[in-house]
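As a plain string of letters, each chain reads:
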Amino acid sequence: MSVGERIRRLVPAALAVLLATVLAFVAEYPVSAAGAEATAKQFSFTEEPIALPPGYDQQPMKTLRQVNPAYYKIRSWISSVGAGVALNDLVGHGRGDGMCIVDTRTDEVVVTYAPTAPEQDRFTPFTLDPAPLPVDATMAPMGCTPGDYNGDGRMDLLVTYWGRTPVLFLATSGATTPARAAYKPVELIPNATPDGRYHGPQWNTNAVAVGDFAGCGHPDLIIGNYFPDSAVLDPHGPKNVQMPNSLSSANNGGGVHVLRWVGATSGADPSATYVEDKNAVPFPNSAGWTLAIASADLTGTGLPDVYVANDFGHAFMLHNVSAGGVIKFDTVFGERTPTTPKSFVLGNGSFKGMGVDFGDLAGNGRFDMMVSNITTAWGLEESNFVWINQAKDGAAMKKDEDAGDAPFVQRAQQLGLAWTGWCWDVKMADFRNDGHQEVVQTDGFVKGDIDRWPWLQEMAMMNDDLLSNPAMWPNVGPGDDIAGDQSAAFYARNADGKYVNIGKKIGLGVQIPTRGVAIADTTGTGRLDFALSRQWGPPAFYANTAQDLGKSLDLTLVRPSADSQAQPGTGLEMAGTPAYGTTVTIRTADGRTQVSQLDGGSGHTGKRSFGVHFGLGAAAGPVAVHLTWHDSQGAFHTQDTQLSPGSHTLTLTDGIQEAPVR
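Looking up the protein in an unreviewed UniProt entry gives the name CRTAC1 family protein, with the organism given as Catenulispora subtropica.

Take a look at the structure:
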């Protein structure tokens, strides 16, 4: 036998030894940075009870959903999503202290107030009722996204479902407080119901992004569906349902629908009209298993780009090239170098994208991204993504994206944010007001008593040709557990500037799988609180009780209401309609730059409030502020101003006008 042949035969064994060594090293490698104890002492949160509707806790609470017969053996898997939470200003008083909760235990949407809300913002909690629209037992709510969808200055609620298209609950002009009767349910996608039953598309929605994607000064929608249109929750439905057709490049999902705002009315019988721009997303990128969507204006043109996080397949970065009032995106990709793993190239990743958020993580006035994936050690161990923006400025980003390039590099491990668990929603925010972003991330999958990770690992080696058939999946039913003991994470910077997970040290160690994260200044004091939704568990609210917080700049950004009769401060009227698409860049006296935006709704099933918040630390004096926005006629504006620390309400037309403090 020749020397070359001997070497060739030794290669497989050598590779096996190398792989075992690498895996052992990874298992022993510290997945979190040092200094957790000292870092945790800077934060303090108190979990406070959430008011629920009268008698709510006395009704039966479910731990499982009914499912299509083809899904019965994996019914716990199919029942593993849907818990959602949002914080926003529902009463019109300028504080993000209203809550909209999707509770999987009852399959109801609860509207209530934050525990920190002052007396004048409190009301009797209630559940939304879509009647007379047809909603039956084969459907379940999956998310609630507050927003002013008809531009009348009153906060509405968009509820998404499995089994049907979304429903808009539009606030009526005569309502004086949030209540079931204060909202009119309206079909987002009109469909005929001659017999009182639902006959529209069977969408299975798990993600919503709201933004001014057309650049016309109104809230457009991107709806992300997980399963393709099918009777997922119908126990008597046809067995033509399916699962992803690949573990890493599935393209048989429900995908995204881009809906453009075209008109609305206000008053006692409000309406909002949308049309679908069917060619907005390139066809090859339109049929993923979508779990999260986020957007931000990366180019400074007022047209937000979009990141679509897909499970079991590639996520996509969509460059906004909308023109003439029609929404249009091009797909852009990162660059791969000889040392870059394929999944660390933006747009080519095969990880299980389950949450995404834009934020200024690097603290340099440019938007970065964090994406949640499955990151459990010895359990489909992937990595979260932290995409750091490499463009010099918006003009450079536009030039790159116009050429098809997305100038981001993946730095999760270097920052200490790579490995958490079975991750879902993720949000960045400055809870200490020191000018640095913290990260809240939900975690956990199916809670039970029997560890089924080995079965899942075997499934990961399955031939893709078999994967779409639910019968080929391992059993995941009542009693089975996959990452069920994982708790929500809270990442903060240690003394070395690296992130460390201090979640358990600040009271987030509850071993119930979590799904959505909502963040808001619920007290109007520049202090951010947050709420979590739990899958098959009660939601949680955490009040920020830390001492020695820095100064902050908090902006309420509005356009004039389309309702000429609206009087801010009466009924449910806010100071105006949210200025969707507005981006704010600040520079403090000590030379630091930050960027943020009015986030109309992004991520998985958690929705932050519309307040734009900046932590200033000990910075003194006025803050230089640069704003970009579209007015209600679609004209694009930019303006510089100076603002003192504290809270400001700015009305944006062809210029900036500060409203008096209410």
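Engineer: So what about helix α4 (residues 394-402)? Which residues, and what values?
Structural biologist: Buried within α4 we find G394, M397 and E401. End-on, the buried residues of α4 take up no more than an arc of 60 degrees, which puts them together on one face. For α4, exposure combined with an orientation more than 90 degrees from the buried face picks out A395 and K399. Buried-residue contacts for α4 involve β15 (305-311), β16 (316-320), β17 (329-332), β20 (385-389) and β21 (408-410). Structurally, the start of α4 carries an N-cap: the backbone nitrogen of A395 is 3.2 Å from a side-chain oxygen of D393. Of the residues one or two after α4, G404 is the one with positive phi, at around 90 degrees.

Engineer: Go over the sheet that holds strand β8 (residues 167-171) with me, naming the residues and quoting the values.
Structural biologist: Overall, antiparallel pairing links the four strands, which are arranged β6-β7-β8-β9 in an open sheet. Looking at the sheet topology across the chains shown, the edges are occupied by β6 (140-147) and β9 (183-187). Going across the sheet, the axis of each strand differs from the next one's by a mean of 25 degrees, ignoring polarity. Bridge count for strand β7 (residues 156-162) against β8 is three bridges, and the pairing is antiparallel. Across the sheet, residue V159 finds its bridge partner in β8, namely V167.

Engineer: Give a detailed account of the pattern of salt bridges, specifying residues and quantitative values.
Structural biologist: According to the stated counting rule, one finds 22 salt bridges in the structure shown. The salt bridge partner of K398 is D402, with a shortest N-O separation of 2.8 Å. Of the two residues, K398 and D402 both sit in helix α4, four residues apart, roughly one turn of that helix. We note a salt bridge from D599 to R608, for which the minimum N-O separation is 2.6 Å. Assessed through its relative accessible area of 6%, D599 is described here as buried. Each of the salt bridges in this network shares a partner with another, and the network as a whole consists of D152, R154, D563 and E573.

Parameters at a glance
- Residues numbered from 1 in each chain as written.
- Predicted model: local features only at pLDDT ≥ 70, side-chain atom pairs only at ≥ 80, totals over all residues.
- Heavy atoms only, no water.
- Buried < 20%, exposed > 50% of the residue type's maximum accessible area, 1.4 Å probe, protein only.
- Helix = DSSP H or I, 4+ residues; strand = E, 2+ residues; numbered from the N terminus.
- Arc of directions from axis to C-beta.
- Contact = heavy atoms within 4.5 Å.
- Polar contact = N/O pair within 3.5 Å; in protein donor to acceptor, adjacent residues only side chain to side chain.
- Pairing = 2+ DSSP bridges.
- Axes fitted to C-alpha atoms, helices over the stretch in contact; angles between N-to-C directions.
- Salt bridge = Lys/Arg side-chain N within 4 Å of Asp/Glu carboxyl O.

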